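# Overview (structure and organization)
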Amino acid sequence: MGYGGDALVSGGAGTAMHVCGNAVRRLVTQRSTADEQTWMYEGLGISALAIHPHQECFAFCERGTPVVVRVCSMEDGSLLGTLENVGQIDVGCMAFTADGQSLVTVGALPEFATHIWDWRQGKPIVSGASPIEATSVEFNPHFSDQLTLCGGGQLYVCNVVTGSAGPELEFLQVMPPTDDALFLSQAWTGKGRLFCTTSAGSLWQVDPSACAAVGDPVLICAEDTSCTVLAAPRHLICYQSDGAIAWIGDETLVEGHRIKVPLHEGATVVTACLSASTLFIGASGGSVFDLELLQEMPDGAFRDDEEEPTAVTVKDANVIVGDVQFDSHHFLRRLLFSHAGPVNALCGVPATGAVASGGKDGNLILWNPLLGMPRQVQKLGDAVTALAAHPTTSVLAVGDARGALHVLEIAPTRLRSKLNERFGKTAIASLAWNPNGTLLALTLEASTEVWLVTFEGGTLAVLGYIEVPSDKPLVSTIGWASDKNLIVGSTAGCVFSLLDIPTTLLSETLQIAVTIKALRPSGGVEALAVFPDRVACTGAADRQVRSYKLGASGWVTVSDPAGAAAVAECKDAASSYTDHSRRVGALASHAGARLLASGAQDGCVFLRAGDNSEKAAGQRVFSVWDQGCSSAGLLQLGQGEADVVVVVGGRKGPIAVLAQTGMGELVEDSTPGAVSVSASLLTHLGDATEPVINTVLEQKAMEEMEMSNALNAAKKNETRDAVRVLKVELDTLLDVNARAPELERIDRGEIVVDAALRERIIATGDTRVMQTKAAIVRENVSKDLKASRIKGLAWDSMKVHGAELVSFFAPPTVHNFPIQEPTPREVHTLQRVHMARRIEMAAEEMHSKELGGNDPHVLDSFAAPGGADADGGD
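The helix and strand inventory of the chain stands at 6 helices and 64 strands. Compactness check: the chain gives a C-alpha radius of gyration of 45 Å against a globular reference of 29 Å for 874 residues, more than 25% above the reference. Judged by the C-alpha coordinates and their principal axes, the chain covers about 140 × 130 × 65 Å. Taking as baseline every contact in the chain between residues at least 6 positions apart, the subset at least 24 positions apart corresponds to 47%. The chain carries 66 positive and 103 negative side-chain charges, and their two centres are separated by 10 Å.

Taking burial as the measure, the 5 residues of strand β48 (residues 534-538) include 5 buried ones, the bulk of the element. Alternating residues of β48 divide into R534, A536 and T538 and V535 and C537, and every residue in both groups is buried. Judged from the 4 bridges that link them, strand β47 (residues 527-530) and β48 form a sheet pairing that is antiparallel. Counted as the bridge partner of A529 is A536 from β48. What sits between β47 and β48 in their antiparallel hairpin is a turn of 3 residues.

Taken together, the side chains of D179, D180, E223, D224 and D242 make up a negatively charged region of the molecular surface. The topology assignment puts D179 in the loop between β16 (166-174) and β17 (183-188).

Core analysis: the biggest nonpolar cluster contains 24 residues, and L486, F496, L498 and I501 have the highest contact counts within it. Contributing elements (two or more residues each) for this core: β40 (439-444), β41 (449-456), β42 (459-467), β43 (474-482), β44 (485-490), β45 (495-499) and β46 (515-521). Top contributing element to this core by residue count: β43, with 3 residues. Here L498 is in contact with V450, I466, K484, N485, L486, V514, T515 and I516, once residues within four sequence places are set aside. V407, W433, W451 and L510 belong to the second-largest nonpolar core, a separate cluster that totals 21 residues.

Pairing within the open sheet is antiparallel, and its 4 strands lie in the order β17-β18-β19-β20. What marks the edges here is a single partner per strand, and that holds for β17 and β20 (212-219). Across this sheet, the average inter-strand angle for adjacent strands is 25°, counted without regard to direction. In terms of strand pairing, β17 meets strand β18 (residues 194-198) through 5 bridges, oriented antiparallel.

We now examine the packing of aromatic side chains. Going through the model one piece at a time under the given rule, you end up with 8 aromatic pairs. Both rings, one in F326 and one in F331, keep their centres 5.3 Å apart while their planes meet at 20°; by these two values the pair is stacked. Residue F326 is classed as partly exposed on the basis of its relative accessible area, which comes to 30%. For F331, a relative accessible area of 17% translates into the label buried. Taken together, the ring pairs connect W39, Y41, F58 and F60 into an aromatic cluster. Positioned above the aromatic ring of F331, the side-chain terminus of R333 is 4.4 Å from the ring centre. Taking NZ or CZ as reference, R608 lies 4.1 Å from the ring centre of Y577, over its face.

Let us look at the side chain of R333. Residue position: R333 is located in strand β30 (residues 330-336). A distance of 3.3 Å separates a polar atom in the side chain of R333 from a polar atom in the side chain of D323. Those residues in contact with R333 that lie beyond four places of it in its chain are R31, V288, F289, D290, E292, G322, D323 and V324.

What follows covers the pattern of salt bridges. Tallied over the entire structure, the rule returns 27 salt bridges. A salt bridge links E704 to K700; the nearest nitrogen and oxygen atoms lie 3.7 Å apart. One end of the pair, E704, and the other, K700, are both in helix α2 (residues 696-739), 4 residues apart, so they sit about a helical turn from each other. A single network of salt bridges, built from pairs that share partners, joins K191, R193, D250 and E251.

This paragraph deals with the sheet that holds strand β11 (residues 113-118). One open sheet accounts for 4 strands, arranged β9-β10-β11-β12; its pairing is antiparallel. Either end of the sheet is taken by a strand with one partner, and the two such strands are β9 (91-96) and β12 (123-129). On average, each strand axis in the sheet is inclined to that of its neighbour by 15°, with strand direction left out of account. Sheet topology note: the β9/strand β10 (residues 103-107) ladder contains 5 bridges and is antiparallel. Bridge pairing links F96 to L103 in β10.

The rules we used
Residues numbered from 1 in each chain as written. Predicted model: local features only at pLDDT ≥ 70, side-chain atom pairs only at ≥ 80, totals over all residues. Heavy atoms only, no water. Helix = DSSP H or I, 4+ residues; strand = E, 2+ residues; numbered from the N terminus. Rg over C-alpha atoms; globule rule 2.2 N^0.38 Å. Contact = heavy atoms within 4.5 Å. Lys, Arg positive; Asp, Glu negative; His and termini not counted. Charge placed at Lys NZ, Arg CZ, Asp CG, Glu CD. Buried < 20%, exposed > 50% of the residue type's maximum accessible area, 1.4 Å probe, protein only. Pairing = 2+ DSSP bridges. Patch = residues over 30% accessible without salt bridge, like charges linked within 9 Å, V, L, I, M, F, W, Y side chains within 5 Å. Areas by Shrake-Rupley, 256 points an atom, 1.4 Å probe, with all protein chains shown as cover. Salt bridge = Lys/Arg side-chain N within 4 Å of Asp/Glu carboxyl O. Core = buried A, V, L, I, M, F, W, Y, C linked by side-chain atoms within 4.5 Å. Axes fitted to C-alpha atoms, helices over the stretch in contact; angles between N-to-C directions. Phe/Tyr/Trp six-rings, centres within 6.5 Å; stacked < 30°, edge-to-face > 60°. Lys NZ or Arg CZ within 6 Å of the ring centre and 35° of its normal. Polar contact = N/O pair within 3.5 Å; in protein donor to acceptor, adjacent residues only side chain to side chain.

What follows is the structure, encoded as structure tokens:
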């Protein structure tokens, strides 16, 4: 179920195929005559996928060491052939020739080994090494000895040539049209013309013989939007990451039509493929769209018989599965809806037969596991971290990354909120209902508290919390062994059994005291699953799953972290088994059917049955390269023990449903689902729920503070009333004293109600008087100092004081020029200037007498060169 953003490849007849974990899946539209199928395969994971041009078979790369490529029948997925030694680790891309006789594989790091195979014989025809890590490869439809590779922003033409030792591969680089342009995609048309798109948002035609772009580019989109090209019979289809799709005439190179796929916020188009008259579009938000071409799109030739498309009508952009938009030339439908990113939590809903999944994207999805389709989608805003379904009613508990708990009632068309509380500042790590559905337990990340919520008569209420005696946080799984016995695990390596849990609150502090026993399994605790008589846990340090009997030897009563730390390791496990090759991170149990499911980072899922889980069956579901399974759950759809299905979630969004019996034998739920994605969560009154800001403890503290304030206010009013009574009595006594004879009258100053208070008031007043007096003295001293400094600078230092002459009748006034008294240094400088001037005047007078004349500058005329005497005169 779902879609993880893998590349879509045309499967012919209106179908598309893609890799989903360790499976190959075929998607079909309502118009297709083919059946939707999923073929599971062994190996460590599947990467590249290629479809035969005549839809006879498909080939996929099975990762491993060494890499192999398997060719399988399109009819039933059976193996037709295997290509050995394809590469060292992985294959980046593959493609069949136009006639389907050959298959090319291009390896990934580190060697980029490139082989052209006779896939029927399983032998390579020619081999070489690609100069780039190619992400796409295509053959020239008219010349099978020529192909092109694109990857890492580069484009190469590869020709099969005859060398000295036989056929060889010749790689020629296509130079980019501009220095800063990168090649993003390529496509060969049926006429043998090669086109590519660049990082500049342009579409170019490439001459493979000249290895260069030719002609003028067609601008498709802005530089910040990636664009990919597909070849159609008369068009080049360019789809952009923002959802825009443009049809360009392959002869005119003119845009004929453009539409926009409505995407959810943050989603982008990551892949697309053309299958007959259907364009399949895959988005990063977990959606696959089916775009049906109702008639041929315009190619930009503006022919008279060509009909112009009408305006696009958006029917429902948030539809889960169904019609999205349409115009006269196309109809867009959503084919798949799923999570965008990891599936954090999974659980079956017994009352409805649905599977609930919560993802990092903040979506809660209810699935029909028989059809593999979503029934309801609820956006919660924050990442969903935990799920638990009520054992008998259609109630679902949901925990999110904010530490909020949402208890929802599942209605046919809409989810309704029954409880919305926040229990902490960290994410809710786990949720679990007890067998009779009267208690809901939850834990928080980085916490040792177990919170309990009661469910009686359809009403939910917070009961309180139990403090687990551990010096490290609890693990992310908990389970009930009975109605009053809860099992939790700690990252410190202990499993705790909480016994005799009450259903009513016994303390006003919300803390609940219970008997706690601890067991320390070998290998620590990573995850656990609980049965009525035993607990199974995975080791944090190894790959084993161990089972321990409840109440057996090894369980020790503890009351504090020190006591839990002192519990000795219990090596006497009832059973242990190692099914996985990597660490086990997900466990789920079904007490009635005695089933235990485990999922690990190796992508495998194992189902064990029996009193000691001695019977086992396994299947690799997800790729090792995708970090395997992220969550697991069990759901009983039929009446028998064999009618339990295993649901496991991957880290890229898909969910796998594994059944012990044929899916057709199970009863299908006919309850209709919601049509559109629900963006807001409503209460039973139809009001939108608001995010809870304060935690339960904070709300209780605020309530206690409000109660304390109310009590204090009441005491304040009582005290005020008592003071008023006393004041009236005192006034009465003073009045009686004032009317008493002089000999009997008491002086008013001697009437003191509280002598100590009077003394304190007098002492306080004297202190304030002294402080005020000292402050005034300091202020006056400061003012006097400032005034004396100002007077010394602006008045005492003046030789001529400033004055103003004011007339009694005329408005103008006359000011003099104040002159400052010179300093001794200035007087000395002035005297030197006077002396220098007298010397200068005496020198001028002497020159005037000696040379005759009264001009002090006459000396200059006698010394001037070129005068009459200098020339000889007359």
